[in-house]
Amino acid sequence: MTTDFDLLLDGPAHDLAEAVSARRVSAREVAEASLARVGRSRELHGAFLHVAPAAALAAADEVDRRVASGEALPLAGVPLAVKDNINVAGLPSTAGSRILEGFVAADDATCVARLKAAGCVVVGKTSCDEFGMGSSNESSAFGPVKNPWDLTRVPGGSSGGSAAAVAAFAVPLAIGTDTGGSVRQPASFCSLVGVKPTYGRVSRYGLLAYASSLDQAGPLARSVRDAALALSAMAGPDERDSTSIPAAPRGLLDRLEAGAAGVRIGLLAEAEAPEGGLDPDVGSVLDTAARILESAGATIVRVSVPRVPFAVAAYYILATAEASSNLARYDGVRYGARREGDGLSGLYRATRSAGFGPEVKRRILLGTFALSSGYREAWYERAQRVRALLALDFAEAFRSCDAILCPTAPEPAFRIGEKGADPLAMYLADVFTVPASLAGLPALSVPAGLSRERLPIGMQLAGPEGSEPLLFALGREIERAAGAWGRPPGAIR
Ligand code: GLN
């Protein structure tokens, strides 16, 4: 039997929050209905690593009490799925790794605390590539996640579980982390809106660090409005993250319906023929998106960001270098799993050998090499120079346009196992997302079409620092005109 709560879970988060705020339904009833779907999505898609029914129901009751006492909560009763590399007090955080088995977070990440304060109810923790390292969710130690649009395909990564959970209608909203594309690319593969905020917009406190100079948490939702609502709840200064932007963000929701009239959209010349190729269906969806913006009154110009072709190489040096340092803390002494060995170095060796998966080990080795004496200048420092030049390229490009439009990923979702044996092919899947990450710029992925095989294709809009409100307005135009494609065949009913 379909209940009101089911109808609400099929709709947008802002409608659900309104219904809970108006006390037409209770947050508890919504949480119960969502938990049932979460259980099914766990079985069907492998999207969840931990489900938290008791905590969710207690939190929902608390939301109902706050609503009854007259508090205005923008996300009242909205069930939220949280990527497993973001801490939620009292729940495990494994980041998809065996090395953190048994670790339970002591407190909430700042972004989680803020979403809870806005009324969200955390229902569970979602699967991800181990420590966020991957583009397919296949490097999770706990099995792959299936894309609700085609269960033989990946949901993207590394926030694959969060994306699958929202696409499957288990929850209306999820959060992920994006270091080089991990919110945007799964959004593209699962027909969702995904936001990578300006670096520093969202506090990193409580994120399990991968590459600290790049990591940002961001929302995954089924509409631009829901993504914007979530970001405005998450964003803002935080004294527990020294890289958070001190000024409060202004007007994140103000431009939502402002349209694209008079906006200059840059089509990225370097996206025309990326290394590794561009799927023809992705190319035609790009043309459609450009036409949509043009008929909404935008001007289309061609822009060049000449260092884009070097971004993947620079990213995989810098991200692995930072990871090699960040992951040194998992030594069996302080967090999670511990394996005894001969003496202290034996303990380290045994714990880390058994605890880390092959992709994480590859990256620790790469990153350690790039930082090691004698090679640091040739690899790490050179990559830093590429990063600085790339940021200058973007600044130059934004003299002739207000935002840059390009595909989020060069192809739609690939098959589970297809790229597993070829790390380089996997890394090249990030060709369009890592440039904005390296430059610290905000970028949004918005559903823009389906391939001939009915697989989602997302388009990316990137802008200067702080341009999230503009990106939301442009994303809304594409969302409105590109239309809806209904529920994926693998959605929960
Ligand atoms: N796919 C990229 C990587 O493996 C990006 C991952 C991410 O953003 N966490 O590093």
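Please read all numbers here as calculations on a predicted model, not as lab measurements.

Moving on, we come to the pairing of strand β11 (residues 456-462). Of all 7 residues that make up β11, 7 are buried, and the element is covered over most of its length. With 7 bridges connecting them, strand β10 (residues 443-450) and β11 associate as antiparallel partners. Bridge pairing links Ser445 to Gln460 in β11. Where β10 hands over to β11, the hairpin turn is made up of 5 residues, of which Arg454 adopts a positive phi near 60°.

This next bit is on the sheet that holds strand β1 (residues 48-51). What the 11 strands build is an open sheet, ordered β1-β3-β2-β4-β6-β5-β10-β11-β9-β7-β8; its pairing is mixed. Each end of this open sheet is capped by a strand with a single partner; those strands are β1 and β8 (299-303). Strand-to-strand, the axes of this sheet are offset by a mean angle of 30°, without reference to chain direction. Set on the sheet, helix α9 (residues 280-295) makes contact with β7 (264-268), β8, β9 (403-407), β10 and β11; between it and β11 the angle comes to about 50°.

As a further point, take the site of the ligand. The local shell around the ligand holds 15 residues, among which Thr179, Gly180, Ser182, Tyr210 and Tyr315 are the closest. A distance of 3.4 Å separates an oxygen atom of the ligand from a polar atom in the side chain of Tyr316. At a separation of 2.8 Å, a nitrogen atom of the ligand approaches a polar side-chain atom of Asp430. Bound to the protein, the ligand loses 99% of the 300 Å² it would expose on its own. When grouped by side-chain class, the residues that make up the shell around the ligand number 4 nonpolar, 8 polar and 3 charged.

In this section: the packing of α9 against helix α16 (residues 468-482). As a packed pair, α9 and α16 sit with axes 9 Å apart at the nearest point and diverge in direction by 110°. With respect to α16, the axis of α9 lies roughly perpendicular. Listed contacts from α16 to Ala289, Ile292 and Leu293 of α9 are Leu474, Glu477, Ile478, Ala481 and Ala482. Looking at the contact of α9 with α16 residue by residue, the classes come out as 7 nonpolar, no polar and 1 charged.

Attention now moves to the state of the cysteines. Two cysteines joined by a covalent bond between their sulfur atoms form a disulfide. Tallying each qualifying case throughout the model produces 0 disulfides. In this structure Cys111 is not part of a disulfide, and its nearest cysteine sulfur, from Cys120, lies 11 Å away.

Turning to the environment of Ser159, a few remarks are in order. Among the structural elements, Ser159 can be located in the loop between β3 (121-126) and α6 (160-167). Those residues in contact with Ser159 that sit more than four places away from it in its chain are Lys83, Asn137, Gly176, Thr177, Ser182, Val183, Pro186 and Leu220. In this structure the side chain of Ser159 is engaged in a polar contact, spanning 3.0 Å, whose partner is the side chain of Lys83.

Moving on: unusual backbone geometry. Along the chain, Gly157 connects to Ser158 via a cis peptide bond; the corresponding omega equals 10°. Structurally, Ser158 can be placed in the loop between β3 and α6. Phi angles above zero are rare outside glycine, and Phe131 is one such case at about 55°. Position of Phe131 relative to the elements: it lies in the loop between β3 and α6.

A word on helix α5 (residues 110-117). Of all the residues in α5, the buried ones are Thr110, Cys111, Val112 and Leu115. Looking one or two places after α5, you find Gly119, whose phi comes out positive at around 115°.

It is worth spelling out the pattern of salt bridges at this point. This structure, assessed with the given rule, holds 31 salt bridges. In this structure, Glu477 and Arg480 form a salt bridge, with 3.0 Å as the shortest nitrogen-oxygen distance. Taken together, the residues Glu477 and Arg480, both in helix α16 and 3 residues apart, mark about one turn of the helix. The class of Glu477 is buried, set by a relative accessible area of 13%. Three or more residues joined by partner-sharing salt bridges are found here, namely Arg225, Glu257, Arg476, Glu477, Glu479 and Arg480.

Here the focus is a nonpolar patch on the surface. On the surface, a nonpolar cluster with roughly 270 Å² of combined accessible area is contributed by Val333, Leu344 and Tyr348. Structurally, Leu344 is set in helix α11 (residues 343-355).

Of all hydrophobic cores here, the largest spans 100 residues; its most connected members are Cys111 and Leu405. Here the element with the most residues in this core is helix α8 (residues 224-234); it accounts for 8 residues. If we skip the residues at most four places from it in the chain, Cys111 touches Ile86, Ile175, Val202, Leu207, Ala217 and Met234. Listed in part, the 57 residues of the second largest apolar core include Phe189, Phe356, Leu390 and Ala436.

Cut-off values and rules
Residue indices begin from 1 for each chain and proceed along its sequence in written order. Local features are withheld for residues below a pLDDT of 70 in this predicted model, meaning they are given only at 70 or higher, and side-chain atom pairs are given and counted only at 80 or more; totals for whole chains, interfaces and linings count all residues. The basis for the side-chain values is all heavy atoms of the structure; hydrogens and waters are excluded. Exposed residues in this analysis have more than 50% of their type's maximum accessible area, buried residues have under 20%, and partly exposed residues fall in between, with area computed by a 1.4 Å probe over protein chains only. Per the convention used, a helix needs a DSSP run of H or I reaching at least four residues, while a strand needs a run of E reaching at least two, with both numbered from the N terminus. Strands were regarded as paired on the criterion that DSSP finds at least two bridges between them. Angles shown run from 0 to 180 degrees and are taken between the N-to-C directions of axes, each axis being a line fitted to C-alpha atoms and, for helices, limited to the stretch in contact. Contact between two residues is taken to exist if any of their heavy atoms lie within 4.5 Å; hydrogens are not considered. The nearness test applies per residue and asks whether one of its heavy atoms lies within 4 Å of the molecule or strand. Polar contact is the term for a pair of N or O atoms within 3.5 Å; when the atoms are in protein, one must be able to donate a hydrogen and the other to accept it, and sequence-neighboring residues count only if both atoms are side-chain atoms. In this description, accessible areas are obtained by the Shrake-Rupley approach with a 1.4 Å probe, and a residue is regarded as covered only by the protein chains that are shown. Amino acids outside the nonpolar list (Ala, Val, Leu, Ile, Met, Phe, Trp, Tyr, Cys, Pro) and the charged list (Asp, Glu, Lys, Arg) are all regarded as polar, and Gly is one of them. Any angle between 65 and 115 degrees counts as roughly perpendicular, while under 35 counts as roughly parallel, over 145 as roughly antiparallel, and the rest as oblique. In what follows, a disulfide is any cysteine sulfur pair within 2.5 Å. Whenever a carboxyl oxygen of Asp or Glu lies within 4 Å of a side-chain nitrogen of Lys or Arg, that contact is scored as a salt bridge. Patch definition: residues above 30% relative accessible area lacking any salt bridge, with like charges linked at up to 9 Å and the nonpolar side chains Val, Leu, Ile, Met, Phe, Trp and Tyr linked at up to 5 Å. Among buried residues, the Ala, Val, Leu, Ile, Met, Phe, Trp, Tyr and Cys ones that are joined through side-chain atoms within 4.5 Å form a nonpolar core.

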